[in-house]
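Analysis of the macromolecular model
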Amino acid sequence: MNLVLLGPPGAGKGTQAKLLEDSRSLVKLSTGDMLRAAVAAGTELGRKAGDIMERGQLVPDALVINLIAERLDEDGSGRGVVLDGFPRTLAQAEALDRLFKERGKRLDRVIVMAVDDEALVERIAGRFACAKCGEGYHDAHKRPLRPQVCDRCGGTEFVRRPDDNEAVVRSRLKAYHTQTKPLIDYYTRQGRVKTVDGMADIGTVAKEIGRALDG
Ligand code: AMP
């Protein structure tokens, strides 16, 4: 099964993609994670993408399409993929259709995660993660049980994304509304869309996605 999770930044796509990876043995492909890794490694791609990401804008289509094309050819992705943060433009969606077709595969479902913009700004501006295992936390909603100690791995270092501040979040939301939201119509016309309420808690959203996939 090949899936796309579609929704604004902070909708919970990464969290749900991770859960689907574990529960359905899918391979999670996140262009945001791949680009952040490229920035951290100081590769040519990272140098091209870094400034754009810090401004909350979208990196050029060709760069992310290449990343996804490479990953679709790697071992394991034959079991099925869950795409998080890709596609984000019409050109990317069309390229994805083409990439699947060339490989004799297809996109089965697009899960749209519906959320409210103002809640997103609060959600994103408060989030941080364990530097060691990546477990996600939030200043208001999910602090580590012991202060400064990760519940999952005991790590004591935490990181915040440089683009998780209010000004950049607003620019990321703008990019979502102008460039990505039109994809809902594109996929609705293809009959692939199921919408879930992304404002619910993580477990409830996961159950709703499960029902959308199995129903
Ligand atoms: P994310 O982690 O998905 O929120 O992505 C973080 C940033 O990476 C975005 O704000 C964009 O600058 C860039 N990015 C990630 N995925 C894409 C994509 N599919 N197309 C263009 N830019 C992307």
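Owing to the predicted nature of the structure, the values given are computational and were not obtained by experimental measurement.

Turning our attention to the sheet that holds strand S2 (residues 27-30). Strand pairs in the sheet, formed through backbone hydrogen bonds, run parallel or antiparallel to each other. Here we have five strands laid out as an open sheet, ordered S2-S3-S1-S4-S8, and parallel in their pairing. In this open sheet, the two strands that pair with only one neighbour each are S2 and strand S8 (193-197). Pairs of neighbouring strands in the sheet enclose a mean axial angle of 20°, with direction left out of account. Two elements, S2 and strand S3 (residues 81-84), share four bridges in a ladder whose sense is parallel. Considered in S3, the bridge of Leu29 is made with Leu83.

With 32 residues, the main nonpolar core has Leu6, Leu29, Ile68, Leu83, Leu96 and Tyr187 as its most contacted residues. Tallying contributions element by element places helix H4 (residues 61-72) first for this core, with six residues. Apart from the residues within four sequence positions on either side, Leu96 is in contact with Val4, Ile68, Leu83, Phe86, Pro87 and Tyr187. Leu3, Ala11, Val82 and Val115 belong to the second largest nonpolar core, which has 20 residues in total.

Summarising burial for strand S4 (residues 109-114): five of the six residues are buried, a large majority. In terms of strand pairing, strand S1 (residues 3-6) meets S4 through four bridges, oriented parallel. For Leu5, the partnering residue across the bridge sits in S4 and is Ile111. Relative to S8, S4 runs parallel, the two sharing five bridges. Bridging across to S8, Ile111 finds its partner in Lys194.

Attention shifts here to the packing of aromatic side chains. Scanning the entire structure with this criterion turns up four aromatic pairs. Here the aromatic rings of Tyr137 and Phe158 are separated by 5.7 Å at their centres, their planes lie at 80°, and the arrangement is edge-to-face. Of this pair, Tyr137 sits in strand S6 (residues 136-138) while Phe158 sits in strand S7 (residues 158-159), placing them 21 residues apart in sequence. Overall, the relative accessible area of 3% leaves Tyr137 in the buried class. Taken together, Phe128, Tyr137 and Phe158 form an aromatic cluster joined through their ring pairs. Taking NZ or CZ as reference, Lys142 lies 5.0 Å from the ring centre of Tyr137, over its face.

With that settled, consider helix H7 (residues 166-180). The end-to-end C-alpha separation of H7 is 20 Å, in line with the 21 Å expected for 15 residues at 1.5 Å each. Within the sequence span of H7, burial applies to Val168, Val169, Arg172, Leu173, Ala175, Tyr176 and Thr180. Along the long axis of H7, the arc covered by the buried residues comes to 160°, so they all point the same way. Those residues of H7 that are exposed and aimed more than 90 degrees away from the buried face are Ala167, Lys174 and Thr178. Taken together, the buried residues of H7 touch S1, helix H3 (44-54), helix H6 (117-125), strand S5 (127-130) and helix H8 (182-189).

What counts, and at which threshold
- Residues numbered from 1 in each chain as written.
- Predicted model: local features only at pLDDT ≥ 70, side-chain atom pairs only at ≥ 80, totals over all residues.
- Heavy atoms only, no water.
- Pairing = 2+ DSSP bridges.
- Helix = DSSP H or I, 4+ residues; strand = E, 2+ residues; numbered from the N terminus.
- Axes fitted to C-alpha atoms, helices over the stretch in contact; angles between N-to-C directions.
- Core = buried A, V, L, I, M, F, W, Y, C linked by side-chain atoms within 4.5 Å.
- Buried < 20%, exposed > 50% of the residue type's maximum accessible area, 1.4 Å probe, protein only.
- Contact = heavy atoms within 4.5 Å.
- Phe/Tyr/Trp six-rings, centres within 6.5 Å; stacked < 30°, edge-to-face > 60°.
- Lys NZ or Arg CZ within 6 Å of the ring centre and 35° of its normal.
- Expected span 1.5 Å × (residues − 1).
- Arc of directions from axis to C-beta.

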